[in-house]
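Summary of the model geometry
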Amino acid sequence: MLRLHCSSKRGVNYIHSITSSVNTLRLATVLFVLSVLFALPANAKPGDTDKSFGVNGLVTVALDTTTQISSSGVASVHSLPDGRTLLVGACFMALGGMNIPCLARLTASGLPDLTFNSTGRSTSPRNGFMQQFGTTASVLEVGGATSILGVDTRYFERVSAAGQFDPATNGLPTHPNIFSWGSKSILRQGDKLIVGGYCLLNGDYPNNSMIVNSGRYCLLRYGADGAVDSSFGTDGLAELPMMGRDLSLVDISRVTLDTAARPLAAYPCAGTCVIRWTESGQLDTSFGTNGIARFPIGYSFGTFNSGTSAVLVQKSGRILVTGGCQDGTGSTTSAVTFCVVAFDSTGNVDPTFGTAGLQQMQVDSALVSSYSTDARVASDDSFFLVGYCTDKLVGQAPRIVKLCLTAHNSNGTLRSEFGTAGKLVFADFKSVSPRISLDGRGRVVIGTECGTYPYLCLLRIHGKQSRFDLDNDNESLSETDAILYLRHLLGFRGAALTTGAFGTYADRTSATDIATYLSTPNPTYPNCSASIVGAPGGPQAMLDGIVLLRAMMGLNGDAVTNGIAFPAGTARTSWVDIRAHLNGNCGMVLN
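Now for a description of the structure that goes with this document.

**Thoughts on the pairing of strand β25 (residues 423–426)**
Side-chain alternation along β25 places Leu424 and Phe426 on a buried face and Lys423 and Val425 on a face that remains uncovered. Where strand β24 (residues 401–408) meets β25, four bridges bridge the pair, whose relative direction is antiparallel. In the sheet register, Leu403 faces β25, and the bridge partner there is Phe426.

See the structure below:
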């Protein structure tokens, strides 16, 4: 069974309501009195571990003597909208010798979530040997492949929000054209369910003989009733045919959806290729060449020979493919680097990204190879890659393995303010398959195997520092930063500005320093206007102060702007425009 070990460091008081009165003096008095309650956990800089999570940013997930973690380790990590985290792993059952899904859900502070199966963890009752797992964004569906008498078949389970496995979803209907299956992805497309992975179709090989790591990439779509959706592809099945070489399940990325709900997947093709289907499962001939876009890098420049780890879609429509590039001539003893290639929404290589569409980086200069295993894009189109660094070249067994992470601007360049010039290396984590997620505040959550078998670990790291992090603790919160901003605009200075308005790890605590910070242009956010709403005459308490406070409280839409009298000439009076400015120009993460 899973046991979660961590400690809770402090209690937190939250504000439940704040008046939206337009009376300046009354509002200032209320805010001054209530704000002395707030002291929220945070940290110092992007790339630092989040000390409000577990113990110094780390939570260890342990397994008892009857259940040990298998080599497949962490399958996926999901950050839920309310701040909780769900870890999906593969557990090896000592009695019976089989892999099954193990789930653990944690609170926002890293404690076991006791509303999830009463213990914070849940284990599938299904027999079989699990090879791969996939989960939906809602984290209530888990799947993979089970090997029965040497034949791989689909595997699917639905898990309730309370952590109970539903026996009614013990598998999905078979498709008559599929002989063998290895699941790679499970995701929702509206009320439909798409399952993607490696497959062998009837007739692919004589007598349907099993050939390891050979076959096609297939998508199956199921309707809300769990039946095969015959309107998708051909009778519910869409496929990527064999392209002159057999495809390993490891080679192919997990499937994702673009902004128009069209499925995308990537795979190595003496370079890297992306295939796009239409929403209904047909090859999208408007994309690339007959639905396939290719980044034409040869062995002399580097190839995604180590496989593709993820496909990301930015809000701009740009498509990113992450993985590992071989340096040199393609020799089996070449070094490998973190790689990202970019395509525009029509399948052309995007020359505005990186160098001619390619961003390539060695993460740890002391180790010769870096493999990216997962990636996530943030709300402002910046993104993160996670993987491992090793001392060995391709074709050699590694002796040293470290967890590696890189942070990128939307155009692929490394974010200089994150970690060490955009890079982080952790020597204490030995996994070769770490997974990544981003929570609602832009924090990075990494699931990985720890250095001591058989533990799994969750690591939470601050991802980005906004312009309105006034106390410099890497959190932009209504309880601290919005209070400081509003008091400043109301003319409070000295102790009246700062009393009770700092996070636990605040690093800017002088009223003078805060005033200087607000009046000095920020080189990280040069386009973050002094006035959030862009009103004539500069920022004002009853305009910018109220908007920021409401936005940081989690309000959105008209709830942010109601009752505010915007003067003529104000640049941003709608929530859509205000949010776009705060997210795009000021480094905030607002939904």
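**Examining the sheet that holds strand β15 (residues 263–268)**
Within a sheet, adjacent strands bond to each other through the backbone by hydrogen bonds, running parallel or antiparallel. Spatially, the four strands line up as an open sheet ordered β14-β15-β16-β17, and their pairing is antiparallel. Strands at the two margins of the open sheet, each flanked by one partner only, are β14 (256–257) and β17 (292–295). One ladder, built from five bridges, connects β15 with strand β16 (residues 272–276); its direction is antiparallel. If you follow Tyr267 over to β16, its bridge partner there is Cys273.

**Here's the deal with the sheet that holds strand β22 (residues 369–377)**
Read across the open sheet, the four strands follow the order β22-β23-β24-β25; overall the sheet is antiparallel. Two strands in the sheet have a free side with no partner beyond their single neighbour: β22 and β25. The average undirected angle you get between the axes of adjacent strands in this sheet is 20°. Note that β22 and strand β23 (residues 383–390) share eight bridges and pair antiparallel. Paired with Val377 across the two strands is Phe383, which belongs to β23.

**Description of unusual backbone geometry**
Of note in this structure, Asn117 is not a glycine but carries a positive phi near 60°. Mapped onto the elements of the fold, Asn117 is located in the loop between β5 (98–106) and β6 (121–123).

**Let's talk about the packing of aromatic side chains**
In total, this model carries four aromatic pairs according to the counting rule given. For the pair Phe384 and Phe418, a centre-to-centre distance of 5.6 Å together with 65° between the ring planes defines the contact as edge-to-face. You can see Phe384 sitting in strand β23 and its partner Phe418 sitting in the loop between β24 and β25, a full 34 residues away along the chain. You can call Phe384 buried: its relative accessible area is 2%. Between the aromatic rings of Phe468 and Tyr485, the centroid separation amounts to 5.3 Å while the plane-to-plane angle is 75°, which identifies the pairing as edge-to-face. Placement of Phe468 in the loop between β28 (456–461) and α2 (478–489) and of Tyr485 in helix α2 is noted, with a sequence separation of 17 residues between them. Across the pair, exposure class does not vary: Phe468 and Tyr485 are buried alike. Above the ring of Tyr517, the side-chain terminus of Arg467 is found at 4.6 Å from the ring centroid.

What counts and what doesn't
- Numbers given for residues are sequential positions, taken from 1 along each chain in its written order.
- Where totals are concerned, whole chains, interfaces and linings use all residues; where local detail is concerned, this predicted model gives features only for residues with pLDDT of at least 70, and gives and counts side-chain atom pairs only at 80 or more.
- Remark: hydrogens and water are excluded; side-chain values derive from all non-hydrogen atoms of the structure.
- We call a residue buried when its accessible area falls under 20% of the maximum for its residue type, exposed when it is over 50%, and partly exposed in between, using a 1.4 Å probe and counting protein chains only.
- In this text, helices come from DSSP runs of H or I with a minimum length of four residues, and strands from runs of E with a minimum of two, each type numbered from the N-terminal end.
- Any two strands between which DSSP finds at least two bridges are classified as paired.
- A fitted line through C-alpha atoms serves as each axis, taken over the contacting stretch for helices, and the angle formed by two N-to-C directions is quoted from 0 to 180°.
- Note on aromatic pairs: the rings of Phe, Tyr and Trp (six-membered ring only in Trp) are paired at centre separations within 6.5 Å, and the planes decide the class, stacked below 30 degrees, edge-to-face beyond 60, tilted for the rest.
- Each ring is checked for a lysine NZ or an arginine CZ that lies within 6 Å of its centre and within 35 degrees of its normal; such an atom marks a charge sitting over the ring.

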